[in-house]
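Per-entry structural report
In case you want the letters, here they are:
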Amino acid sequence: MLYEKVLERFIELVDEATNSANLLEIITKDPDPLRIQLLRVFRRYVSPDTTVEMTKKKRDIPTIINDFGDRFRSLEEVRKNLQSRPVPDETLMALLLEQSKRGQKGYDLTEAFFLWFDRVFGKNYIIRGPVRAGKDVMLDKVLDNWEAQTPADIFISRLDGTPLVVGFARYDSDRGGSQEDDRTGGNRDKATDILRYADTYKVALKVFFLNDGPGLLLGSMWNDYARLESYGSGKIMVCTLKMLDERFTQDWLES
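So, here is what we can say about the structure in this document. In this text the structure is predicted, and so the values were computed from the model without any measurement.

Analysis parameters
- Residues numbered from 1 in each chain as written.
- Predicted model: local features only at pLDDT ≥ 70, side-chain atom pairs only at ≥ 80, totals over all residues.
- Heavy atoms only, no water.
- Helix = DSSP H or I, 4+ residues; strand = E, 2+ residues; numbered from the N terminus.
- Buried < 20%, exposed > 50% of the residue type's maximum accessible area, 1.4 Å probe, protein only.
- Contact = heavy atoms within 4.5 Å.
- Areas by Shrake-Rupley, 256 points an atom, 1.4 Å probe, with all protein chains shown as cover.
- Lys, Arg positive; Asp, Glu negative; His and termini not counted.
- Charge placed at Lys NZ, Arg CZ, Asp CG, Glu CD.
- Core = buried A, V, L, I, M, F, W, Y, C linked by side-chain atoms within 4.5 Å.
- Pairing = 2+ DSSP bridges.
- Axes fitted to C-alpha atoms, helices over the stretch in contact; angles between N-to-C directions.
- Left-handed = near helix turned anticlockwise from the far one by under 90°.
- Nonpolar A, V, L, I, M, F, W, Y, C, P; charged D, E, K, R; others polar.
- Arc of directions from axis to C-beta.
- Salt bridge = Lys/Arg side-chain N within 4 Å of Asp/Glu carboxyl O.

A tally of regular secondary structure across the protein gives 13 helices and seven strands. Each of the three principal axes of the protein carries a C-alpha extent, and together these read 65 × 35 × 35 Å. Out of the 255 residues belonging to the protein, those deemed buried represent 41%. Contacts in the protein between residues far apart in sequence, at least 24 positions, make up 62% of those at least 6 positions apart. For the protein, the accessible surface area stands at approximately 14500 Å², while carbon and sulfur atoms represent 48% of it. Considering the protein, the positive charge centre built from 38 side chains and the negative charge centre built from 42 side chains are found 2 Å apart.

Okay, here's the thing in structure tokens:
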């Protein structure tokens, strides 16, 4: 129901196109949301080197063709691969469906936190951020003298507007190796910038990392988070959902 018409349309466009770059150009002319789904199929069949996000903006298509076009699979190869697949292609449909659900657990995580916070602290504090999908809180918009365009998932302040907490939420389904290092290293960098700002402008600002998921148990991930807390000397907290009642207290908020 979701993807059969998408795959049929992709086959039509492959027959219509003169080459792989032209295929991307004519996909771009189809209306949304069909265009986005066709781009997902295009990535699978033609260009694994590009992401769907890269190809979403129509004005960027000429640049993408210029930068990546030499790595596009030939239209002859695409046609051959299409002919080798069953119709309907249930395997590809399953892959597309799995991709469409990426980020869902992250949305569930932030929604659960916002609901919990409103229940426990809602009358005494203001919390901002995307409850599920939506625009992040930009720190240069909510903190005086913050110059960088830094996105955050959670921003908590007193009723009078005094900033208290900048938060980042992540669901780690499976992390390890270099991805793990990049994630925890990036967290430390963000925390360093926020705490330096707090010290410079004498603001009682703290950093909160809401993390959940089985990825926390892989490799040294949790140890890295524990070291983050030590590095913050009480100004950094890492929590899973189950830890909130015990750890995320008003004493910590106001410390």
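After presenting the structure, the write-up continues.
Attention now moves to the nonpolar core. If you look at soluble globular proteins, the nonpolar side chains tend to sit buried side by side. By size, the foremost hydrophobic cluster in this structure holds 30 residues, and its most contacted members are Phe10 and Leu23. For this core, the element with the most residues is helix α3 (residues 34-45), which contributes six residues. When sequence neighbours within four positions are dropped, the list of residues in contact with Leu23 reads Phe10, Leu13, Val14, Ala17, Phe42, Val46 and Leu75. Counting residues in each nonpolar core, the second largest holds 22 residues, with Ala152, Phe155, Phe168 and Ala198 among its members.

Attention now moves to unusual backbone geometry. Going from Asp32 to Pro33, the amide bond is cis rather than trans, its omega being 0 degrees. Tracing the backbone through its elements, the reader meets Pro33 in the loop between α2 (20-27) and α3. Here the bond from Val87 into Pro88 is cis, since omega is 0 degrees, no more than 30 degrees from zero. Within the secondary structure, Pro88 sits in the loop between α6 (75-84) and α7 (90-100). Positive phi values are uncommon outside glycine, yet Asn145 reaches one of about 70 degrees. Mapped onto the elements of the fold, Asn145 is located in the loop between α9 (139-142) and β3 (151-152). Residue classification places Asn145 among the exposed positions, given a relative accessible area of 52%. The phi dihedral of Ser233 is positive, around 50 degrees, even though this residue is not glycine. Mapped onto the elements of the fold, Ser233 is located in the loop between α11 (221-232) and β7 (236-239). The class of Ser233 is exposed, set by a relative accessible area of 65%.

So, about the sheet that holds β7. Spatially, β1-β4-β5-β6-β7 is the arrangement adopted by the five strands of the open sheet, whose pairing is mixed. In the strand order of this sheet, the two ends are held by β1 (125-128) and β7, each with one partner. Averaged over neighbouring strand pairs, the angle between their axes works out to 20 degrees when direction is ignored. As paired strands, β1 and strand β4 (residues 154-158) are joined by four bridges and run antiparallel to one another. Bridge pairing links Tyr125 to Arg158 in β4. Where helix α8 (residues 104-121) meets the sheet, it contacts β1, β4, β5 (163-171) and β6 (206-212), and its direction lies at approximately 170 degrees from that of β1. The strands that α11 touches are β6 and β7; relative to β7, the one it contacts most, it runs at about 155 degrees.

Here we take up the packing of helix α1 (residues 4-16) against α6. Two numbers describe how α1 lies on α6: the axes approach to 10 Å, and their chain directions differ by 145 degrees. Handedness of the α1/α6 crossing: left-handed. Where α1 approaches α6, its residues Phe10, Ile11, Val14 and Asp15 are matched on the opposing element by Leu75, Val78, Arg79 and Leu82. Tallied by class, residues from the contact of α1 with α6 come to six nonpolar, no polar and two charged.

Attention now goes to helix α5 (residues 61-68). Buried within α5 we find Ile61, Ile64, Ile65 and Phe68. The buried residues of α5 occupy an angular sector of 100 degrees when projected down its axis, which confines them to one face. For α5, the exposed residues lying more than 90 degrees away from the buried face are Pro62 and Asn66.

Below, the discussion takes up the pattern of salt bridges. Applying the stated criterion across every chain, the model contains 12 salt bridges. Taking the shortest distance from any N to any O, the salt bridge between Glu12 and Arg9 comes out at 3.1 Å. With Glu12 and Arg9 both in helix α1 and three residues apart, the pair spans about one turn of that helix. In this structure, Arg170 engages Asp153 in a salt bridge whose closest nitrogen and oxygen atoms are separated by 2.9 Å.

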